[in-house]
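Each chain is listed here by its residues.
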Amino acid sequence: MLDERDRIIIDMLTKDARTPFTEIAKVLGISETAVRKRVKALEEEGVIKQYTVVVDSSKLGYNLVSLTGVDTLPEKIFDVASKLKEFDFVRSVYLTSGDHMIMAEIWAKDGEDLSDIISNRIGKLEGVTRVCPAIILERLK
């Protein structure tokens, strides 16, 4: 069970995964060794799954990001989700219970690139019945 110190560690590492354990230790008023043990336990318990980097897509030439809903024939949902995961332009894939069966974050160079991705790549996957892109205008958090 997580305690308040674990939650603070998670919060600090979520904001910056490179936060030194010495800095976390100062905030918590415990030793660096204690922080290291807590982080290791959080990793072993699967609370912390991975450390990652947030990339500015536009600096890599992807000037358009879309959260795209993908609907499928019910029996094809897992096949389509699996195929979406293989595309380089798909940055993340989620199965959802909302308006769409699958949500995918897509990075495209521009509108023409996104149109091609939607029409010729995703839209032509076997079992796909509908593709609904929502272009991100601004990331607020």
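Residues numbered from 1 in each chain as written. Predicted model: local features only at pLDDT ≥ 70, side-chain atom pairs only at ≥ 80, totals over all residues. Heavy atoms only, no water.

Per an unreviewed UniProt entry, the protein chain is named Transcriptional regulator, and its organism is Thermococcus celer Vu 13 = JCM 8558.

Asker: How do you make sense of the packing of helix α2 (residues 21-28) against helix α3 (residues 32-44) when you look at a structure like this?
Answerer: Packed helix pairs are specified by the crossing angle of their axes together with the interaxial distance, meaning the distance between the axes. Two elements in contact, α2 and α3, have axes whose closest approach is 8 Å; the angle formed by their N-to-C orientations is 105°. Between α2 and α3, the angle is such that the two are roughly perpendicular. Counting all contacts with α2, which are made through Phe21, Thr22, Ile24, Ala25 and Leu28, the residues of α3 involved are Glu32, Val35, Arg36 and Val39. Classifying every residue of the contact of α2 with α3 by side-chain character gives 6 nonpolar, 1 polar and 2 charged. (Axes fitted to C-alpha atoms, helices over the stretch in contact; angles between N-to-C directions. Helix = DSSP H or I, 4+ residues; strand = E, 2+ residues; numbered from the N terminus. Parallel < 35°, antiparallel > 145°, perpendicular 65-115°, else oblique. Contact = heavy atoms within 4.5 Å. Nonpolar A, V, L, I, M, F, W, Y, C, P; charged D, E, K, R; others polar.)

Asker: Mind showing me how you'd approach the layout of surface pockets here?
Answerer: To locate leftover empty space, one rolls a probe as large as a water molecule over the atoms. The calculated volume of the largest pocket comes to roughly 1200 Å³. What lines the largest pocket is a set of 31 residues, among which Thr52, Val53, Val54, Val55 and Arg139 lie closest to the centre. Only α1 (4-15), β2 (90-95) and β3 (102-108) provide two or more residues apiece to the lining of the largest pocket. The dominant element in the lining of the largest pocket, judged by the number of residues it contributes, is α1, at 4 residues. Taken together, the residues of the lining of the largest pocket sort by class into 15 nonpolar, 6 polar and 10 charged. (1 Å grid on protein atoms, 1.4 Å probe; cavity = no way out; pocket = protein on both sides within 12 Å on 5 of 7 lines; lining within 4 Å. Points joined across faces, edges and corners; volume = space filled by probe spheres on them.)

Asker: Looking at this structure, how should I read the domain arrangement of the protein chain?
Answerer: By convention, interface size is frequently given as the accessible area that disappears when the constituent parts associate. Domain parsing of the protein chain yields domain 1 (4-45) and domain 2 (57-135). A C-alpha centroid distance of 36 Å is found between domain 1 and domain 2. (Domains from an automatic or database assignment.)

Asker: Before we go on, may I ask you to explain the sheet that holds strand β4 (residues 128-135) in this structure?
Answerer: Picture the strands of a sheet paired through backbone hydrogen bonds; they go either parallel or antiparallel. Sheet architecture is open: 4 strands sit in the order β2-β3-β1-β4, paired in antiparallel fashion. The open sheet has two edge strands, β2 and β4, and neither has a second partner. Each strand axis lies, on average, 20° off the axis of its neighbour in the sheet, ignoring direction. Strands in contact with helix α4 (residues 77-86) are β1 (64-72), β2, β3 and β4; relative to β2, the strand with the most contacts, it is inclined by about 160°. Lying on the sheet, helix α5 (residues 111-122) is in contact with β1, β3 and β4; it crosses β3 at an angle near 135°. (Pairing = 2+ DSSP bridges.)

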